[in-house]
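Descriptive analysis of the structure
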Amino acid sequence: QVQLVESGGGLVQAGGSLRLSCAASGRTFSSYAMAWFRQAPGKEREFVAAITWSGGSTVYADFVKGRFTISRDNAKNTVYLQMNSLQPEDTAVYYCAARIGDKRTVWYAYDYWGQGTQVTVSS
């Protein structure tokens, strides 16, 4: 089992950057594929990015390609989401998630979730 705690959210102006972190407990962090999802008010939770246990393969939602980068440091039990060129439509609560096995792009494939961190982008 793994516990996840996100941090790094906040208020930023359009065009700005933020780096989200997700710290995981447990000694088997390197066994988990990790992902970021987001949920805006009144909208469904949507996939943002995912990374394999080794960090060797990543996948992104079309709307973030070229702006966001997911990475992980297994020695620190942490996964990151670097977000650049943020826009007001990126405003949401961002969640990290973990699963045993390969990366997936659907929320129901993930077994463990953090509590979320709020990202607000002003215009």
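Details of the structure are given in the entry above.
Model, not experiment: these values are computed from the prediction.

1. A word on the sheet that holds strand β3 (residues 18-24)
The sheet built from four strands is open, its strands ordered β1-β3-β8-β7 with antiparallel pairing. The strands lining the two open edges of the sheet, one partner per strand, are β1 (4-7) and β7 (68-73). The sheet shows a mean angle of 15 degrees between the axes of neighbouring strands, direction not considered. Across six bridges, the pairing between β3 and strand β8 (residues 78-83) is antiparallel. Bridging across to β8, R19 finds its partner in Q82.

2. Focus: the pattern of salt bridges
Enumeration over the complete set of coordinates arrives at three salt bridges. A salt bridge links E46 to R38; the shortest N-O distance between them is 2.7 Å. Note on R38: relative accessible area 6%, which makes it buried. Through salt bridges with shared partners, a single ionic network connects R38, E46, R67 and D90.

3. Considerations on the pairing of strand β11 (residues 117-122)
Side chains T117, V119 and V121 project from β11 onto a buried face, and the interleaved Q118, T120 and S122 project onto a face without burial. When strand β2 (residues 10-13) meets β11, the two strands line up parallel, connected through four bridges. Considered in β11, the bridge of V12 is made with V121. Of the strand pairs in this sheet, strand β9 (residues 92-100) and β11 are connected by three bridges, and their pairing is antiparallel. For V93, the partnering residue across the bridge sits in β11 and is Q118.

Scoring rules and cut-offs
- Residue positions within a chain follow its written sequence, with the count starting from 1.
- Predicted model: local features are reported for residues with pLDDT of at least 70 only, side-chain atom pairs are reported and counted for 80 or more only, and whole-chain, interface and lining totals are derived from all residues.
- By convention in this description, side-chain values take in all heavy atoms of the structure and omit both hydrogens and water.
- Note on pairing: two strands pair once DSSP finds at least 2 bridges between them.
- In this text, helices come from DSSP runs of H or I with a minimum length of four residues, and strands from runs of E with a minimum of two, each type numbered from the N-terminal end.
- Axis definition: a line fitted to C-alpha atoms, limited for helices to the stretch in contact. Angles are taken between N-to-C directions and run from 0 to 180 degrees.
- Every case where a carboxyl oxygen of Asp or Glu lies within 4 Å of a side-chain nitrogen of Lys or Arg is listed as a salt bridge.
- When a residue's accessible area, from a 1.4 Å probe over protein chains only, is under 20% of the maximum for its type it is buried; when over 50% it is exposed; and in between it is partly exposed.

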